[in-house]
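Here's the letter readout for the chains.
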Amino acid sequence: LLVVVPVAWAWQRATPGDSALVNRGGLRLLDDLLATAAHPSLDPDFLLIVLDGALVTLVFAVLGTAGALVVGLAGGLVLSDAAWSRRPPAPVRVLRSALRGVLVAVRSIHELVWALLLVSVLGLDPLVAVLAIAVPFGAQTAKVFADTLDGVSSGPLDALRGAGARPASALAYALVPEATPLLLAYSFYRLECAIRSAVLLGVIGVGGLGQELTVSLQSRNWNEVWTLVGAVVLLSALVELWSARVRADLDVFSCSDWSAGAEDNGPRSVGSARWSRWSALVVLPAVVVAWWASDVSLTSLTSSRTRALTGRLLDDLWPPELPRGGWSALLGASADTVAMAVLAMAVAVVITLLLGPGATRLRRDEAATSAPGAARPSGTLLRLTRWTLAHGVRLVSRAALLVLRSVPPTVWAIVALLALFPGVLPGALALGLYTGGILGRLVAEAWESLDLRPRNALRDAGVGRTLAAVAAVSPPSAHQLLTYTLYRFEICVRDTAVVGVVGAAGLGRLLAENLSAFRFPVITSLLAASFAVSLATEVLGRRLRRALKA
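All residue numbers refer to position in the chain's written sequence, counted from 1. pLDDT decides what is reported in this predicted model: residues at 70 or higher carry local features, side-chain atom pairs at 80 or more are listed and counted, and totals for whole chains, interfaces and linings draw on all residues regardless. Each side-chain value is worked out from all heavy atoms of the structure, with water and hydrogens disregarded.

## Considerations on the nonpolar core
- We define the nonpolar core as a collection of buried residues of types Ala, Val, Leu, Ile, Met, Phe, Trp, Tyr and Cys that are connected through side-chain atoms lying within 4.5 Å of one another. Only protein chains enter the accessibility calculation, which uses a 1.4 Å probe. A residue is then buried if its area is under 20% of the maximum for its type, exposed if over 50%, and partly exposed in between. Leu-175, Leu-201, Leu-209 and Ile-523 are the most contacted members of the largest nonpolar core, which has 136 residues in total.
- For helices the rule is a DSSP run of H or I covering at least 4 residues; for strands it is a run of E covering at least 2, with both sets numbered from the N terminus onward. At 15 residues, helix H8 (residues 167-200) tops the list of elements feeding residues into this core.
- The contact rule is simple, with two residues in contact once any of their heavy atoms fall within 4.5 Å. For Leu-175, the contacting residues outside a window of four places in its chain are Ala-82, Ala-83, Leu-149, Val-152, Leu-157 and Ala-170.

## Re the pattern of salt bridges
- Salt bridge, as applied in this entry: a Lys or Arg side-chain nitrogen positioned within 4 Å of an Asp or Glu carboxyl oxygen. The final tally for this structure, using the stated rule, is nine salt bridges.
- The shortest N-O distance in the salt bridge between Arg-28 and Asp-32 comes to 3.9 Å. With a gap of four residues between them, Arg-28 and Asp-32 both fall in helix H2 (residues 24-35), about one helical turn apart.
- Look at Asp-32 and you get partly exposed, because its relative accessible area is 27%.

## Topic: unusual backbone geometry
- The residue after Trp-318, namely Pro-319, is reached through a cis peptide bond having omega 0 degrees.
- Following the sequence through the fold, Pro-319 ends up in the loop between helix H12 (304-317) and helix H13 (326-359).
- Non-glycine residue Arg-220 carries a positive phi angle of around 60 degrees.
- Relative to the elements of secondary structure, Arg-220 occurs in the loop between helix H9 (209-218) and helix H10 (222-249).

## Considerations on the environment of Thr-337
- Along the chain, the position of Thr-337 falls in helix H13.
- In this structure the C-alpha to C-alpha distance between Thr-337 and Val-229, which are 108 residues apart in sequence, comes to 27 Å.
- Look past the residues within four positions of Thr-337 in its chain and what remains in contact with it is Val-493, Thr-496, Gly-506 and Leu-507.

Put into structure tokens, the structure is as follows:
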């Protein structure tokens, strides 16, 4: 009932019987787009533009991540219980509660919406992209850092405090070093996510690969579109490989450790971690180079013009007003937002079930391979064939998931709007493709860490290979899929604002329409509605995940 009823309701809302869904005129454009896939533009002048866009995207991601880590470390130390030697005094407790509420509100607003609001104050300044990434990512990082600091061993910290060390010294020499491997690994994972966000922010015109993609799509230069898509995928793949190598060095298994509230994601052993040490050494020079290359300046934040525009924006945002159509329009857009997220997750789950098993590399288990009753493929040729087939399927599946999550949902939405009329369905399809790439990766990595001992025990008891795998692996696999689906659904509700900006339905479309018309009191109501929907889904998802865990 928890699955079928919402999906049926969302499908009914997305496909009203009195209106057409398929845009037959746009199908020809979609056919032209697909026909040029094998002929990307390789013009030298355009390749220079692509290279410049990739560098701009990387610079925005590096600076945004650096700002998020500064906010996250400061906020994490304030929110962490382990950072306080005793129960904080009443004023500090009030401050921490207020800070938690502010961080929840900040991260409930998508980075694209932050960028749209900042553009109205700062204009098309590169600082807009940096702040739009740093602010919501900083709020999320503060929460993760606080949980991480609370999760490490408190023995060294308690020993220093018992010896009379100053609070700041105890934190600097005991708590932070103990958590450093985990904090460093998460920092590189944040950079990995910031690349996707930096591409996404190009839709508002701040530069980078996202802006070039939007321009090429709107001008129907399909050859350029495929070149840019390849550049986005390549850049994402390089950053993901780097991030994965750092996490492997620090023995943090995968990015799924950071998702869905995993509690046993601490580093087990640091080892040599040579790659991670070199990566840590180049972080500060990379931030300095990115700052120098970006022409970002903080002076615009303190200028009299910015202060005046900020004051005017705050005055315009209050008091809130309902959009045209009143409560019915606001509630209808909220319902469209939820329906879009539900259908998007249905599409994402289908993609995960199709590609996730192929993308999963189950760990070899010595006990299984050496067990007397373990079945082995006979013949060198058969083993080679199975090995080649398995690795080929895994490569294709992982490449497909990489492409799906590398292309921004705004671009998927523009492509979907070539074939479908504006509404819930194209937005759900675009978000489903994008989320399917992320969900498939999370679930595949979680499946790779499954405990294989129950399967091996069944094999040793004489159960066949297929039945043993189905009986022992399917229940925990289904649990992982359900857990990460609930986690991504919370994020998908916020992501609906992204596809709404380019013409899909929901609160995002109302936000884009009212921003273009400068109806700021209406924007306040829409942001409040978006926050309420996001908070409700987050609370519901958390309760369901706890029930599943129990």
